[in-house]
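Spelled out from the first residue to the last, the chains are:
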2 protein chains.
Amino acid sequence: MFEGKKGTMNKQSKTFTNRQTVTAQDVADKAGVSRASVSRTFTSNGSIAPETREKVMRAASELGYQVNFLAQGLNRKRSQLIGVVVARLSDPFRSSLLESLLTEIHEKGYQALVTEVKNQEQLEETIRQFTQYRVSGVVVTSGQPPTELVSECVQHNIPVVGINRHMDLPYVDFVCSDNKMGAELALAQLLQSKCRALGWLNYKGSTWAGVNRGKTYRRLVESKQPEFGLTLSDLTAFEDGYEGGRAAAHDYCLSLKTGSVSKLDGIFCANAQLACGFLDGMRECGFEAPKEFHLIGFDDTQITAQYSYRLTTIRQNTSAMASQAIACLEARGADANSAQRIEMIPVSLVCRHTSPMND
Amino acid sequence: MFEGKKGTMNKQSKTFTNRQTVTAQDVADKAGVSRASVSRTFTSNGSIAPETREKVMRAASELGYQVNFLAQGLNRKRSQLIGVVVARLSDPFRSSLLESLLTEIHEKGYQALVTEVKNQEQLEETIRQFTQYRVSGVVVTSGQPPTELVSECVQHNIPVVGINRHMDLPYVDFVCSDNKMGAELALAQLLQSKCRALGWLNYKGSTWAGVNRGKTYRRLVESKQPEFGLTLSDLTAFEDGYEGGRAAAHDYCLSLKTGSVSKLDGIFCANAQLACGFLDGMRECGFEAPKEFHLIGFDDTQITAQYSYRLTTIRQNTSAMASQAIACLEARGADANSAQRIEMIPVSLVCRHTSPMND
DNA sequence: TCATTCAATGAACACGTGTTCATTGATTTG
DNA sequence: CAAATCAATGAACACGTGTTCATTGAATGA
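The rules behind each value
- Residues numbered from 1 in each chain as written.
- Chains lettered and ligands numbered in written order.
- Predicted model: local features only at pLDDT ≥ 70, side-chain atom pairs only at ≥ 80, totals over all residues.
- Heavy atoms only, no water.
- Near = heavy atom within 4 Å.
- Polar contact = N/O pair within 3.5 Å; in protein donor to acceptor, adjacent residues only side chain to side chain.
- Helix = DSSP H or I, 4+ residues; strand = E, 2+ residues; numbered from the N terminus.
- Pairing = 2+ DSSP bridges.
- Contact = heavy atoms within 4.5 Å.
- Buried area = accessible area lost by both parts, 1.4 Å probe.
- Salt bridge = Lys/Arg side-chain N within 4 Å of Asp/Glu carboxyl O.
- Axes fitted to C-alpha atoms, helices over the stretch in contact; angles between N-to-C directions.
- Core = buried A, V, L, I, M, F, W, Y, C linked by side-chain atoms within 4.5 Å.
- Buried < 20%, exposed > 50% of the residue type's maximum accessible area, 1.4 Å probe, protein only.
- UniProt positions renumbered as here; feature names shortened; annotations may be inferred.
- Domains from an automatic or database assignment.
- Nonpolar A, V, L, I, M, F, W, Y, C, P; charged D, E, K, R; others polar.
- Parallel < 35°, antiparallel > 145°, perpendicular 65-115°, else oblique.
- Left-handed = near helix turned anticlockwise from the far one by under 90°.
- Least-squares fit on C-alpha atoms with pLDDT ≥ 70 in both.

Our focus in this paragraph is the protein's contact with DNA strand C. Close to DNA strand C lie 30 residues, the nearest being A:Ala24, A:Arg35, A:Asn45, A:Asn75 and B:Thr52. Close to the protein, within 4 Å, the atoms of DNA strand C belong to sugar or phosphate groups at a rate of 53%. A distance of 2.7 Å is found between a phosphate oxygen of DNA strand C and a side-chain nitrogen or oxygen belonging to A:Tyr65. Looking at the surface near DNA strand C, the elements that each hand over two or more residues are helix H3 (35-43) and helix H5 (69-76) of chain A together with helix H3 (35-43) and helix H5 (69-76) of chain B.

On to the pairing of strand E7 (residues 231-237) of chain A, then. Pairing of strand E6 (residues 197-203) of chain A with E7(A) involves 7 bridges; the strand directions are parallel. Paired with A:Leu198 across the bridge in E7(A) is A:Leu232.

A separate point is the interface of chain B and chain A. Between chain B and chain A, the contact holds 54 residues from the first and 54 residues from the second. Approximately 5300 Å² of surface area, both sides summed, lies buried where chain B meets chain A, with 51% of it carried by carbon and sulfur atoms. Between the two partners, chain B and chain A, sit 0 salt bridges. The interface formed by chain B and chain A contains 25 residue pairs in polar contact (both at pLDDT 80 or more). Among the elements of the structure, H5, helix H6 (92-107), strand E2 (111-116), helix H7 (120-132), helix H8 (147-155), helix H11 (241-258), helix H12 (272-284) and helix H13 (302-305) of chain B are those that each provide at least two residues to the side of chain B that touches chain A. Pairing of strand E2 (residues 111-116) of chain A with E2(B), which is carried by 3 bridges, proceeds in the antiparallel orientation. Among the inter-strand pairings, A:Leu113 is bridged to a residue of E2(B), identified as B:Leu113.

For the rest of this paragraph, the subject is the sheet that holds strand E4 (residues 160-163) of chain B. With respect to topology, 12 strands assemble into an open sheet ordered E11(A)-E5(A)-E4(A)-E3(A)-E1(A)-E2(A)-E2(B)-E1(B)-E3(B)-E4(B)-E5(B)-E11(B), the strand pairing being mixed. At either margin of the open sheet sits one strand with a lone partner, and together these are strand E11 (342-345) of chain A together with strand E11 (342-345) of chain B. Averaged over neighbouring strand pairs, the angle between their axes works out to 20° when direction is ignored. Sheet topology note: the strand E5 (residues 172-177) of chain A/E11(A) ladder contains 4 bridges and is parallel. Residue pairing in the sheet places A:Cys176 in a bridge with A:Met344 of E11(A).

A few words on the nonpolar core. Grouped together as the largest cluster of nonpolar side chains are 88 residues, with contacts concentrated most on A:Leu198, A:Tyr217, A:Phe278, B:Leu198, B:Tyr217 and B:Phe278. If we skip the residues at most four places from it in the chain, B:Tyr217 touches B:Ala183, B:Leu187, B:Leu190, B:Leu198, B:Gly199, B:Trp200, B:Leu232 and B:Phe268. With 68 residues, the next largest nonpolar core counts A:Ala28, A:Leu123, B:Ala31 and B:Ile158 among its residues.

As a further point, take the UniProt feature "domain: HTH lacI-type" (unreviewed entry) in chain A. Mapped onto the present numbering, the UniProt feature "domain: HTH lacI-type" (unreviewed entry) falls at residues 22-76 of chain A. Structurally, residues 22-76 of chain A is divided into 71% helix and 0% strand, and its ends, taken at the C-alpha atoms, are 21 Å apart.

Once the charged atoms of two side chains with opposite charge are near each other, the side chains can pair. Per the stated rule, a full pass over the model turns up 34 salt bridges over all chains. The salt bridge partner of A:Arg58 is A:Glu54, with a shortest N-O separation of 3.9 Å. Remark: A:Glu54 and A:Arg58 occur in helix H4 (residues 50-63); sequence separation between them is 4 residues, near one turn of the helix. On the basis of relative accessible area, A:Arg58 is assigned to the partly exposed category, the value being 45%. A salt bridge links B:Glu343 to B:Arg341, with the nearest nitrogen and oxygen atoms 3.0 Å apart.

It is worth spelling out the side chain of A:His294 at this point. Residues and elements named next belong to chain A. Tracing the backbone shows His294 in strand E9 (residues 294-298). For His294, a relative accessible area of 12% puts it in the buried group. At 2.8 Å, the side chain of His294 and the side chain of Ser355 are in polar contact. Sequence-distant contacts of His294, that is, excluding residues within four places in its chain, are made with Leu190, Ser193, Cys195, Asp265, Gly266, Ile267, Thr354, Ser355 and Pro356.

Next up on the list: the domain arrangement of chain A. Interfaces are often sized by the accessible area lost when the parts come together. Per the domain assignment, the segments of chain A are domain 1 (2-67), domain 2 (78-177 + 318-346) and domain 3 (179-317). Placing the centre of domain 1 of chain A and that of domain 3 of chain A at their C-alpha centroids yields a distance of 64 Å.

We now examine the protein's contact with DNA strand D. Surrounding DNA strand D, one finds 30 residues, the nearest of these being A:Thr52, B:Ala24, B:Arg35, B:Asn45 and B:Asn75. Counted by atom, the contact set of DNA strand D within 4 Å of the protein is 52% sugar and phosphate. Contact distances for DNA strand D include 2.3 Å between a phosphate oxygen and a side-chain N or O atom of A:Thr52. Those elements giving two or more residues to the surface near DNA strand D turn out to be H3 and H5 of chain A together with H3 and H5 of chain B. It is H3(B) that provides the largest number of residues to the surface near DNA strand D, a total of 5 residues. The class makeup of the residues in the surface near DNA strand D is 10 nonpolar, 14 polar and 6 charged.

The next thing to look at is the packing of H6(B) against helix H14 (residues 318-334) of chain B. The relative placement of two packed helices is expressed as an angle between their axes plus a distance between the axes. Residue and element names in this part refer to chain B. Two elements in contact, H6 and H14, have axes whose closest approach is 8 Å; the angle formed by their N-to-C orientations is 50°. As far as their axial angle goes, H14 and H6 are oblique. Every pair of crossing elements has a handedness; the one defined by H6 and H14 is right-handed. Contact residues: H6 offers Phe93, Ser96, Leu97, Ser100, Leu101, Glu104 and Ile105, while H14 offers Thr318, Ser319, Ala322, Ser323 and Ile326. Partitioning the contact of H6 with H14 into residue classes produces 6 nonpolar, 5 polar and 1 charged.

Let us look at the relation of the copies chain B and chain A. For the pair chain B and chain A, the relating rotation is 180°, the translation along its axis is 0.1 Å, and the fit reaches an RMSD of 0.2 Å. These values place the two chain copies in the arrangement generated by a two-fold rotation axis. Taken as a fraction of all interface residues of chain B, those also at the interface in chain A reach 100%, which identifies the copy contact as same-surface.

Before going further, it helps to examine the environment of A:Gln111. Within the fold, A:Gln111 resides in strand E2. Sequence separation of A:Gln111 and A:Val135 is 24 residues, and the distance between their C-alpha atoms is 9.6 Å. Leaving out residues up to four positions away in the same chain, A:Gln111 has contacts with A:Gln80, A:Leu81, A:Ile82, A:Ile105, A:His106, B:Leu113, B:Thr115, B:Gln129, B:Phe130 and B:Tyr133.

Put into structure tokens, the structure is as follows:
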């Protein structure tokens, strides 16, 4: 009797002083079972009688019990967090990719630890902090992580996947839009529109994806050269994004006037931002697409669909990329030694005004 | 001798089997001090002799020791995580705000737990998961968290701050762009341009911020009405974002033709996406700004600066908003009972082509 | 010289969970 | 009916850290 009362007192005083933390032990007490049974109820790991589970569930919901993820992660040596490295969210494609990643991550029951990196050393610090939170995986959408750091992750048994970004390390998986397919779609469209004097526009300090797209496109054009008599000129932007594309257009028009380059009739851009800038820059110089040249961009962001641009683009399937990326992480989490996966995600051509559909 | 060898064996076998986890105890062993001293070295909490600290630091760096944040958080009952609720990152303003938040969060030594919410129940689940990770604070940039959920956070001693979003709950702080100042700047600009027939464009199911901007603007216009003889008409978009604005323009032009409305000469939009859409919609109908009407938007996103739009806008200072938001969280984390803070962040007018600067 | 103060240190506890291991009781098999 | 299997359960340990508390030794004051 006395002990019972004392217990009650303790219980009450406890619920008063730190009401914020109701632990599995409290649930166990209330349900009249052991704490282990509570744990089993929520992890569905061991075996447990249905009626016991029922009792526990009722007690838990009455007390408002929630599992402490920190304790859970500490015990399991792994949290339900996934680290995501992003950069330059001002690029609509980047934020769109992030959006797809967040959706996928939550759907699979994880939480996203998002970091924006501006330079190399930040990236190192970031990944190190990811490991300190014992993340279940790391998605790199930007930046080039140093080799030793990534292998440190591998040693810690943390899966790493790169999106549109090749890291040639064993055990590091890789999800990428099919740039070859993109090049084929773009070239087919331009050829069908009778374009022969082709141009490729990219930022000078472009990402791996941009460089790869350029290489792939050039290779393809050269293979078709004999058949169609093509030329391919490089247009270089010295700044990234919209303003870079616009300036490149100005440069190009100037060169046209001085006659140092010949006129191009089909231009392919490494990304949508560059393409929109280029389109506007050409307008400022009095050239309009598709009348005077055809223009195709990469990334199908919202802005490309807008009336003032209506850009023909190669559309990347961000949700497919996101879902493949998380699938890679889970697969490698299950078997760290599985073969390196390289997932090519199909792209599609979206025909709009700057290079319209031919009949 | 035998024991020593056995100890070494254990050590080695340990470093081999789970090399991934080097704990504070390992550092302590190597440095010849107690584990408590290692903890003190890294928390700078208790007092410790400089030479001891030095020894520990050396051992730690040689072993590559890193604090386990999960264990740390479990012990401190609080992690270094900050939960961020976002939505619709396809809106450039949202992603820009998120970017500023990420920067600020990392600068202050936290990590960001980012969740995108699509509906109300997701929001509930999300915030619940935040509490399970014992976050140091929650930033809500979207959605309207249910009252009881927020007060649950407050009970758990988790600070909550809303950005551009009022939750009239005690202990919940609030950072907001100064909509009154925005209204004043916009109206002054339009008045100076001799606009008298004013319009206000907003999405029908707008956010709190949009509604508030509308109310504030209307109040201001009404107060100036006697002096200038103003009229203010509501234009309603039935869809959000760019397409909503565009459709609203079409509707408006149609009404103009049928004569059911009179012509407006100065239009103010609740956000930049709507404004760009409206501008394009008017173009399609043959009306151009600023020749036939003046147009001002809210949010100064990258797209508004582009050549095809050059939209005059009210610029929100996202980095100031972010830094104030985190400051609120820290202040309330230190003193949970402090008075509710309401931080108004000044905005500024960016004059561009759709309502140019007057001389 | 002795009493006092104080910085520095290590042992021990707490944080809240997952999981192993032995035990128990019921059910099935021969 | 006896033996064997098996699901269900609770006690105990482990995860890696921060922090309190007592102890120690040196430095300071009278």
